[in-house]
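Coordinates in review
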Amino acid sequence: MVAREVYLDYAAATPMDPEVMAAMLPYLSERFWNPSAPYARAREAHDDVERARGSVARLIGAQSDSIVFTAGATEANNLAFAAVDGHVVIDAVEHESVLACAGMHERRTVRVGADGLVDPAAIARAIRPDTELVSVELANGELGVVQPVREIARVVAAERARRLEAGEKRPIYLHSDASQAAGALSVNVGSLGVDMLTLSAAKIYGPKQVGLLWASDDVRLRPLVYGGGQEAGVRSGTENVAGIVAFARALELACERRSEESRRLGALRERLREALLAELPWMVVSGPRNAKRRLPGLLHVSFAGIEARRLVIALEREGVSVGTGSACAASRMRVSHVLEAIGMPRTLAEGSLRLTLGRPTTEEDVDYAAAAIVRAVRAEMARLGLDDAAQAARVASLLGGVDGPIPHNPQNQHENKA
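Throughout what follows, the structure given in this document is the object of discussion. Given the structure is predicted, the values throughout are model-derived calculations rather than measurements. (Residues numbered from 1 in each chain as written. Predicted model: local features only at pLDDT ≥ 70, side-chain atom pairs only at ≥ 80, totals over all residues. Heavy atoms only, no water.)

1. Notes on the environment of L280
Looking at where L280 falls in the secondary structure, it is placed in the loop between α8 (241-279) and β9 (284-286). The buried category is assigned to L280, whose relative accessible area is 0%. For the pair formed by L280 and E260, sequence separation is 20 residues and the distance between their alpha carbons is 30 Å. Setting aside residues up to four positions removed in sequence, L280 forms contacts with F303, V374, V377 and R378. (Helix = DSSP H or I, 4+ residues; strand = E, 2+ residues; numbered from the N terminus. Buried < 20%, exposed > 50% of the residue type's maximum accessible area, 1.4 Å probe, protein only. Contact = heavy atoms within 4.5 Å.)

2. Remarks on the sheet that holds strand β8 (residues 211-215)
Spatially, seven strands are ordered β2-β8-β7-β6-β5-β3-β4 in an open sheet, and the strand pairing comes out mixed. Each edge of the sheet is formed by a strand with only one pairing partner; in this case those strands are β2 (67-70) and β4 (107-110). The mean angle between the axes of side-by-side strands here comes to 20°, regardless of whether they run parallel or antiparallel. When strand β5 (residues 131-135) meets strand β6 (residues 173-177), the two strands line up parallel, connected through three bridges. Bridging across to β6, V134 finds its partner in L174. (Pairing = 2+ DSSP bridges. Axes fitted to C-alpha atoms, helices over the stretch in contact; angles between N-to-C directions.)

3. Some remarks on the pairing of strand β3 (residues 87-91)
Burial runs high along β3: five of the five residues are buried. Judged by which residues are buried, β3 turns out to be covered on both faces: H87, V89 and D91 on one side and V88 and I90 on the other are all buried. Sheet topology note: the β3/β5 ladder contains four bridges and is parallel. Looking at the pairing, I90 lines up with S135 of β5. Of the crossover connections in this fold, the one passing from β3 over helix α4 (residues 96-102) to the parallel β4 is right-handed. (Right-handed = clockwise from strand over helix to strand, strands pointing away.)

Written out as structure tokens, the structure reads:
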């Protein structure tokens, strides 16, 4: 029997909020009707879907007829890429679903800095006359990097204006997967300047397998699923009424609680970071220095020469659940493409943990988890015959050739000041 259960993998999955569950449950029982059926009760279900669509649209600053509900963010990303035929531009730390979609097109993958940030100027250089889509996530779910999407939107807008002036008819769109960002950042499409936006209910305390793609009026979406013509003919299949209603409620709560919860999670993250560095001063923290460029509830740490999978097992025995990166990569127990993209040495990347906090996380949880992580790392060090001096020397050697620093520990710099 463990002393405490602490979950620190909210970037992978969130529990459903009780208010979201309450909104969803009636549609799993007495309000089970098919929205496409002709009788009055079915029309009620149809109206409930449209009310949810309107609510979501209002929260992201859009028109309701521009929202397409999908079975999650991966499908939404696929739908966005299916809207274009030409060259696409992405960055190297995108989610695997975006990387896979881009792989179906001629593409250019833009490198990122050691802090994971995309340079808008690099995006501008990557755009060609036949580029039709640029896709950059709003926030990275592994490092917590908040990307400069607004600046990239200006780059895309400038290229669009150039084409119009030159009489060129080829369109160019900006897509952003904001799934990891919606709980902490504004996802107003007008403010961001995007042409398409992906969201997921599963990342904001809603149900899994519910997502959406917003597309501007200029984008002509092409169906991936054919059938009865639901979702304005873009996504056929009986609507997931329960999931859609729950998604709308989850997004409402996320927007209402965003500011206060971001401050709380940011403070907890710093408490966790400081507790770990106090005991393991050679630990490497990745990501940007600027707090505005970080998701508040995410801390990415690395322990040189120590296998993360052994730490995961040791921590599980103490009731602490942590991630080693995106769930997609972790399930295959391979080094994340995100860590490869920022130039992290393999022996450091293999010892990386992604610690993500959520609404249920308390100070007591953070303190318990920090102590458990320290014990697990110390046990591995003893098994390998390592001490702090040896670890500090190893980290210094590994990061000697890496540009950009990690600010949280001046001796172990892998972050950028951006």
